[in-house]
Amino acid sequence: MVWRNTFLDPAQPGGWALLYNQQHFLADSNGVLFPRDWIKRQDLPILGEQGIGHFGDDAVYLLQLKPSATLEGCSWQSLRQFMLQGDAETFRMLAYAAQIGTWYAEHRYCGSCGAPTRQLPGERAMRCDSCESQHYPRISPSMIVLVTRGDEILLARSPRFVTGVYSTLAGFVEPGESVEHCVAREVREEVGVEVKNLQYIGSQGWPFPHSLMLGFHAEYASGEIIMQEDEIEDARWFRVDDLPPLPASRSIARHLIDLYVARRLGLPEPSLP
Ligand SMILES: NC(=O)C1=CN([C@@H]2O[C@H](COP(=O)(O)OP(=O)(O)OC[C@H]3O[C@@H](n4cnc5c(N)ncnc54)[C@H](O)[C@@H]3O)[C@@H](O)[C@H]2O)C=CC1
Ligand SMILES: [Mg+2]
Ligand SMILES: [Zn+2]
């Protein structure tokens, strides 16, 4: 089943409902989609509603619930779980839904003047009539880079990672800098080395909570590894034929690694997740 996001008018009846709160979806044994007209007859604390797209031919609406919401036979499942398991189109739908949910939850009041906002009809925007401003979903560009040195790659661990897992370096783009500048700065800050010959590989929308990952390969230029306190727990050079546990296969971090390893070992190249 294919997911396509579109703007649907929540005044229309029918379709499926996704029940969302803070990076979690309510799910039962049938999954995350509930008959929408039925769900609206249940006694649920609904904060807001958006029409977000089509899953196959069916309309899908996002119902924002209060954290206290419960429904018989259902439990809250994290978006991260659906990234790790579950089918790819379902994850694409939930990733979009979660970012719309995050945006809506953070813009019910105007950030400029504090007045309550309203949803603009026909557009994904929250409108403040008091100061005439509009608030659109926010996306935070971030770079992610695999630093390479011949048959070796530089991988690091953050204290937040699953035990044993090493990954590429990542970081948010700061106001006014280019992504290329961000790559050089983050690598310098996190591991103290200089890079050259950046190659843009591809991008990935990353809904935790609203990053856009821009993925690169970069060659090592100079410097010894000096780890940034707090952010980096360990960083080392690994040979492409002797790698530690790696990030989830759907992440662009993993793609950057798999692609470089495939190129060095003469294996078929993987495609972008
Ligand atoms: N898809 C993938 O394969 C991967 C995605 N990522 C994502 O990349 C992003 C950046 O990676 P990190 O190393 O954590 O970033 P980072 O190196 O910039 O440090 C994270 C810190 O940045 C600050 N921050 C949080 N949100 C921000 C924002 N929107 N703008 C600016 N600063 C912010 C916070 O102080 C946070 O502790 C994260 O969203 C992370 O989930 C990271 C690794 C792999
Ligand atoms: Mg980082
Ligand atoms: Zn305002």
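As recorded in an unreviewed UniProt entry, the protein goes by the name NAD-capped RNA hydrolase NudC, listed as coming from Pseudomonas sihuiensis. Recorded in UniProt under Sequence similarities (unreviewed entry), the annotation for the protein is "Belongs to the Nudix hydrolase family. NudC subfamily." UniProt lists a comment for the protein under the heading Subunit (unreviewed entry), and it reads "Homodimer."

K.L.:
What is the right way to read the overall build of the protein from this model?
P.N.:
Looking only at helices and strands, the protein features five helices and 16 strands. Along the three orthogonal principal directions, the C-alpha set of the protein runs to about 60 × 45 × 30 Å. A buried classification covers 47% of the 273 residues belonging to the protein. Of the contacts formed within the protein by residues at least 6 apart in sequence, a portion of 63% connects residues at least 24 apart. Computing the positive centroid from 24 side-chain charges and the negative centroid from 34, the protein places the two 3 Å apart.

K.L.:
I would appreciate a short explanation of helix α4 (residues 179-191) in the present structure.
P.N.:
For an α-helix the count is 3.6 residues per turn, leaving residues at separations of three or four pointing the same way. Compared with the 18 Å implied by 1.5 Å per residue over 13 residues, the 18 Å span of α4 between its first and last C-alpha is a close match. Every buried residue of α4 is accounted for by C182, V183, R185, E186, V187, E190 and V191. Residues of α4 that are buried make contact with β11 (140-149), β12 (152-157), β13 (169-172), β14 (194-206), β15 (211-222) and β16 (234-239). Taken from the residues just after α4, G192 is the one with a positive phi, measuring 75 degrees.

K.L.:
Would you mind showing me how to read the coordination of the zinc ion (ligand 3) here?
P.N.:
The expected angle between donors at a tetrahedral four-coordinate metal is 109.5 degrees. At an octahedral six-coordinate metal it is 90 or 180 degrees. For the zinc ion (ligand 3), the protein coordination sphere consists of C110 (SG), C113 (SG), C128 (SG) and C131 (SG), at 2.3 Å. Its four donor atoms give the zinc ion (ligand 3) angles of 100 to 118 degrees at the centre, a pattern that matches the tetrahedral case. If you list the donors of the zinc ion (ligand 3) from N- to C-terminus, the spacing comes out as C-x2-C-x14-C-x2-C.

K.L.:
What's the story with the pairing of β15 in this structure? I'm lost.
P.N.:
Along a regular strand, successive side chains alternate from one face of the sheet to the other. Sheet topology places β11 next to β15; nine bridges connect them, and they run parallel. Across the sheet, the residue bridging to T148 is E219, located in β15. In terms of strand pairing, β14 meets β15 through 10 bridges, oriented antiparallel. Bridge pairing in β15 places W206 opposite S211.

K.L.:
Can you help me understand the site of ligand 1 in this one?
P.N.:
Taken together, 18 residues surround ligand 1, and among them A170, E190, Q204, S211 and A253 come closest. Contact distances for ligand 1 include 3.0 Å between an oxygen atom and a backbone N or O atom of A170. The separation between an oxygen atom of ligand 1 and a polar side-chain atom of E231 is 3.3 Å. Contact with the protein chains hides 64% of the accessible area of ligand 1, taken as 850 Å² for the molecule alone.

K.L.:
Is there a simple way to explain the coordination of the magnesium ion (ligand 2) in this structure?
P.N.:
Every protein donor of the magnesium ion (ligand 2) is accounted for by A170 (O) and E190 (OE), and the metal-donor separations fall at 2.1 to 2.2 Å. Separated by 20 residues along the polypeptide, A170 in strand β13 and E190 in helix α4 bring together distant segments of the chain. Judged by relative accessible area, E190 falls into the buried class, the value being 3%.

About the cut-offs
- Residues numbered from 1 in each chain as written.
- Chains lettered and ligands numbered in written order.
- Predicted model: local features only at pLDDT ≥ 70, side-chain atom pairs only at ≥ 80, totals over all residues.
- Heavy atoms only, no water.
- UniProt positions renumbered as here; feature names shortened; annotations may be inferred.
- Helix = DSSP H or I, 4+ residues; strand = E, 2+ residues; numbered from the N terminus.
- Buried < 20%, exposed > 50% of the residue type's maximum accessible area, 1.4 Å probe, protein only.
- Contact = heavy atoms within 4.5 Å.
- Lys, Arg positive; Asp, Glu negative; His and termini not counted.
- Charge placed at Lys NZ, Arg CZ, Asp CG, Glu CD.
- Expected span 1.5 Å × (residues − 1).
- Donors = N, O, S within 2.8 Å, 3.2 Å for Na, K, Ca; no water.
- Tetrahedral: all angles 85-135°; square planar, octahedral: opposite > 155°, others 65-115°.
- Pairing = 2+ DSSP bridges.
- Near = heavy atom within 4 Å.
- Polar contact = N/O pair within 3.5 Å; in protein donor to acceptor, adjacent residues only side chain to side chain.
- Areas by Shrake-Rupley, 256 points an atom, 1.4 Å probe, with all protein chains shown as cover.

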